[in-house]
Each structure stands twice: as C-alpha cells, then as structure tokens.
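Structural features, examined
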Amino acid sequence: MKKRSLYLLFQSVLCVMICAWLIYAAIAPYANAKQDGQVYTPENAAAAFGQILPILLLLAATSAAGWVFHWRQADSPVRSSTGAVYRAGLSHAFAIRAVLLVLSAALILWGILNGSMRDVLYKAITICSECIGLG
Amino acid sequence: MVKATHWWKTHRPTARRLAQLYCALLYNAHIKGFLSGEIYTGKLKALCTPGLNCYSCPGAVAACPLGALQNAISASGTRAGTYVLGILLLFGLTVGRTICGWLCPFGMLQELVHKIPSFKIRKSRVTRALSYLKYGILIVFVIAIPLWYGLARGLPVPGFCKYLCPAGTFEGAVGLLSSPSNAGLFPMLGKLFTRKYAILILVGLSCVFCYRAFCRFLCPLGAIYGLFNGISVIGVRTDGAKCTQCGACTRACPMDIRQVGDRECIHCGQCAGVCGTHAISMRCGRRDILDTKNTELKHALQGFALSVLLFLILWVNWLSPQARTQASSPSQAENTVEIGCEIGQQLPEFSLETMNNGIFSLSDTRGKPVFINLWATYCAPCVKELPYFSRLHSEHPEIEVLAVHSSLVTEDVRAYLEGRDWNLTFAIDTDDDLLYTAVGASSVLPQTIVLNTAGQVIYNQTGSVTYEQLVRLLEEAK
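Described in the following lines is the structure provided in the data block.

With that out of the way, let us pick up the nonpolar core. Residues and elements named next belong to chain B. Core analysis: the largest hydrophobic core is formed by 60 residues, its most contacted members being L347, F350, F371, I372, L374, W375 and F426. With six residues, the top contributor of residues to this core is helix α19 (residues 380-395). The two domains that each donate at least three residues to this core are domain 1 (11-232 + 292-317) and domain 2 (335-477). Residues within four places of F350 in sequence aside, it is in contact with F360, S361, L362, I372, L402, L434 and L435.

Counted by the stated rule, this structure contains 13 salt bridges over all chains. The shortest N-O distance in the salt bridge between D119 of chain A and R79 of chain B comes to 2.7 Å. Of the two residues, D119 of chain A is situated in helix α4 (residues 116-124) and R79 of chain B in the loop between α4 (65-74) and α5 (82-94); the pairing between them involves two chains. The buried category is assigned to R79 of chain B, whose relative accessible area is 19%. Where E264 of chain B meets R263 of chain B, a salt bridge forms, and the shortest distance between an N and an O atom there is 2.4 Å. Connected through salt bridges with shared partners, the residues R16, R17, E111 and R212 of chain B form a single ionic network.

Residues and elements named next belong to chain B. A grouping of I139, V140, I143, L147 and L151 is seen on the molecular surface, where their side chains present a nonpolar patch of about 420 Å² in accessible area. One can find L147 in helix α9 (residues 133-153). Take L147: its relative accessible area is 33%, and that puts it in the partly exposed class.

Attention now moves to the sheet that holds strand β1 (residues 234-238) of chain B. All names here are of chain B. Ordered by their spatial adjacency, three strands build an open sheet running β1-β2-β3, and the pairing between neighbours is antiparallel. Every other strand in the sheet has two partners, leaving β1 and β3 (287-288) as the edge strands with one partner each. Relative to strand β2 (residues 280-284), β1 is paired through five bridges, and the arrangement is antiparallel. Bridge pairing in β2 places R237 opposite S281.

What counts, and at which threshold
- Residues numbered from 1 in each chain as written.
- Chains lettered and ligands numbered in written order.
- Predicted model: local features only at pLDDT ≥ 70, side-chain atom pairs only at ≥ 80, totals over all residues.
- Heavy atoms only, no water.
- Core = buried A, V, L, I, M, F, W, Y, C linked by side-chain atoms within 4.5 Å.
- Buried < 20%, exposed > 50% of the residue type's maximum accessible area, 1.4 Å probe, protein only.
- Helix = DSSP H or I, 4+ residues; strand = E, 2+ residues; numbered from the N terminus.
- Domains from an automatic or database assignment.
- Contact = heavy atoms within 4.5 Å.
- Salt bridge = Lys/Arg side-chain N within 4 Å of Asp/Glu carboxyl O.
- Patch = residues over 30% accessible without salt bridge, like charges linked within 9 Å, V, L, I, M, F, W, Y side chains within 5 Å.
- Areas by Shrake-Rupley, 256 points an atom, 1.4 Å probe, with all protein chains shown as cover.
- Pairing = 2+ DSSP bridges.

What follows is the structure, given as structure tokens:
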C-alpha cells in the first residue's frame, strides 16, 4: 500500500473513532443517570471531552505532519458523470429582478407594519430550550 | 525564510475564506456572550443574517432566516410572516447561493472540517440524487411541521430547528453549555439533546469525507436560495462567446452541478481558475467583481467593511443600551443571603396584575407552596407543560400556581387562552420585567420556580418539567 493511502486510511479511521467516541460519550451517561432523571452533568461532559482530547491532538498533529511532509497529495480531479451544459443569459432577467425587488421591499414594509418584524425580534431574543435541542 | 514565504504565498487565505471569516465574526460580534453565556438581546436581532447562524448562539447579533421563517409559518394563523418572506426574497434576488459559498459560517466550518486529510467521497449520480433530499426537508421540516402544529394545535414547533439543525446544536446548545455560568442548563438535557448531538457529530463526520455534505444534501436554506440562482444579481457567469464547452468547470466543481450557476452552484468561483478560455467570472450584473483593477475602490471597500465590523463589535458589547444595562446590573453573587432567587433564598416581594383583573401578591401566599411558571405563546415546550400545572392545581387547590407570560407579547394572550381550559392564574409581566427580574429569569424558556410554605425557593430551573416532577416538587415544598 502506498504511503499516501496508508496515511489517508489512518486519518479516516481517526475521524471515525473520534465521532464514534463522541456519540458513545453522549449515550453512556444514560446508564448512570441519577434518580431525578438528570442524565448530563458538567462533570461527565468534561470527563468525556477530556478522554477524547489525546485523539483530537493526534489527529491535529498527523494532519499538520501530512501538510508539512506532503504525505497528502493535491485533491484528485473530480470526475463528473454529467456533461457540461452552459446556459445563455436570461432574457427579461432585468424585468424579473425589478419586479421581485419591488415585491420584496413591499413584503418587508408590510412585515414591519403588521408586526412580523417584531415577532422575529422577540423570538430571537428568547431562547426556546426545545428548539435548540436542550430539551 | 524563502520556504516560509513560498508556503504563505501558496497557503494564504483566499478572498472567499476572508469573506467567510468576516461574516462569521460579523454575525457573532457579541463576543462578551461567549464568556458570560448570555445571548444578545438588542434590537439588531430583528434583522436576519443571510447565512445559517443560530440566534441562540451567545455571540449572535441577528436572527437566523430559517428559524425566523419556521416561526413565521407556525404563527401564520394569527399573522402573515411577510417580513421574513421579503427578507428571503431580497437575499435570494441579490446574492442567491453566493451566500452559501461566501457568507455562511456553517459552510466555512464544513470546508475546514473537509480539510482534514482522509479518503474523500467523489461526487457521482448518488450524490446528485441525494442533493434533492434538501427539498424534501424544506417541505416537511420547514413548512409542513410548523404549519401543522401552528394551525391544528396552536403550538409553535420549528421542525427543522427542533429535530435536525446541526448549526443550532453547535452554536446554540453547545455554545450555551460551554459557558460555566450555564451549568444550570445541564439538568434539562435528555434524549432530544442526545439525538441532535448525534446528528451534529454525524454531519461533522460526513463533512470530513464528503465536501459540504450538509449544504449539498440537507440544508433547506440552500434549497431556498438555489431557486433564485438563475436570476440573482451577484454570481458566477459564463461568457457563451468564450466557452468551448470542454466541461473542465463541472469536473472541477466539488458541488453537484450540471452547469455553472445552476441551483447547486454556490458561486465559489473555483471553476473560474480552471477555465482555459477565461469564460467564467464572478459578476455583479455586468461587472466583474473579483478581477477589478481599481485597487483604490477595493481598498476603500475593505476599509469600510472593517470599520463596520469594529463598530458593531463595540456597539453590541459595550455601547448599546442592553450592554450598558447588563454591565450596571448587580450580579447574583451580590445578592444578600436572605433575599434572592437562588435555592434556599427568599424571593423578593412582588405584586402583579393578573389577567382576570385581580392582583397576585406574593405576601398573600405565605403558608402555601407556590409554583411560578414563566412561559410564552410562541414557546412550544412552555405551552405543552401548562396542562401539567393545570392538573396539579386542580388536584391540589390549596397551592398557588402563577403562569407569567413574558412581556414580549406577539399575539393577544387573552384570546389565545380563551379556547384552553387551564385552571391557572395567568399574568403578563410588566414592561420593565418586574417578575422576570425578581426570579432571575434568563433568556431560556420555559422556567419554573417553586417556593415552599416558608416562601423559600426550592427549585428554580429552566427547561420543561413533567407532571411527575411537579408532584415530587410539591411533596418537597409542603
């Protein structure tokens, strides 16, 4: 096996290992969940990331070494399964843009007047815990 | 030294990378938030960023267009979300998917992750077919789920944010949890977090092997902007007179394009470098915007962009009214031992006008367990847990239960409650957030505060609660 292939295989395995560990670290706390239902604590989060840190550093170091020692060749050209087709410029593009520009300005203005801009603000300054996956 | 100079010449950031970095900083200029764990609450958040950037990120200074769109769709029964539609139309018309290639921080993150040396998955018919998946996600998670929950059940459920969005998990959830001051959020983490976290990790892993996997296969915002690619003012254009149809551009493109500038093109401009006849260029209307020979104009634009960024950082962190209020307000550590909102402390006295025109005074509740719930009509978990409080109050009429709506009211709360048979005392907080300040409310909803018969705080936690939890808390409060 060529040096480059070995190197890329090693890197790929490291990436998969890191991700597998990160997912395992998220599932493992369920086994030791407290009686009050609390699964995650700052302590177990810190412990999980502390354990993964050496592998992350190894990945960073091997990536840097790959760049320095040119183990990683330039990306191979990407084959396309499709032929190249080129489009001519849109006729009436200017007219379409102008109409849509006026429409977007009208919608924004209407939104400011009907309060939907304020809705955006209120939602954005309040964190909905469920919406970002906190629970 | 010569080697170092050569390395810098070949590795220095491209104009596109600088633009991506600039946008990442511009959208997340609230640097103080990363340290304090508090989100920015200024009026700038009424504006939407062009790219995907979660507004629950502690650094975010503007709203995410996709989150805003889902909320507008879920609220379409009460108000037409024309503002968000207008914003998306404007962005699509002017820049199209150039946003994905140049102005999206999450796109930049994916490109950086893809730089990790490993085996790479090449584009093929399979990836091309997968690129249609994002349109399905747009229809199901961004339109159908919020519309169904909003109209049929009166619940604001942003489907994509809740079930899929890795940007929300990374910037919002992980961003908030990484601040030590938000350690109180950990108890609310559960299966939803595990699922979203696993999605984030899998998306990250797929981006190592596959160029911009999230953008190409999953991102509904890219799907929306892709619809405008044919008419957007700024974008990559092909000069038909110069083009020899050699196909070098589509072969070199890492995205699933059939032709330069089609719905999958993110206008990154890589194809311009491989075109032997220089038929491809980045254009604004008829003007080539990257190959400008007017260096004075270029420098002036760079100076202007830098000034805007510096001013924004200064404004949102130190000069805006919100920043000055946060700086001058006393921290929780400065509270006296007896009065406060921490566990074991006595909540400060307050009186609030209820929605049935009565007065709720904390001093009148001494000797009774008191449950205070902070909620809002636009917060789905809040609305879902209110029936639990209602049931608790019905089964234990001796307790006091006060549900206080945020002072940020987007619809008629009284009309909202009319169709719901909830046995609770409802109130809307005063404009100066009297109660929310008294209980130390954060920006996270819902929040539940429980006082025992002596008026001491025994529970003050953000996040949803179950009925069983409430019963346990009641036993503790008695």
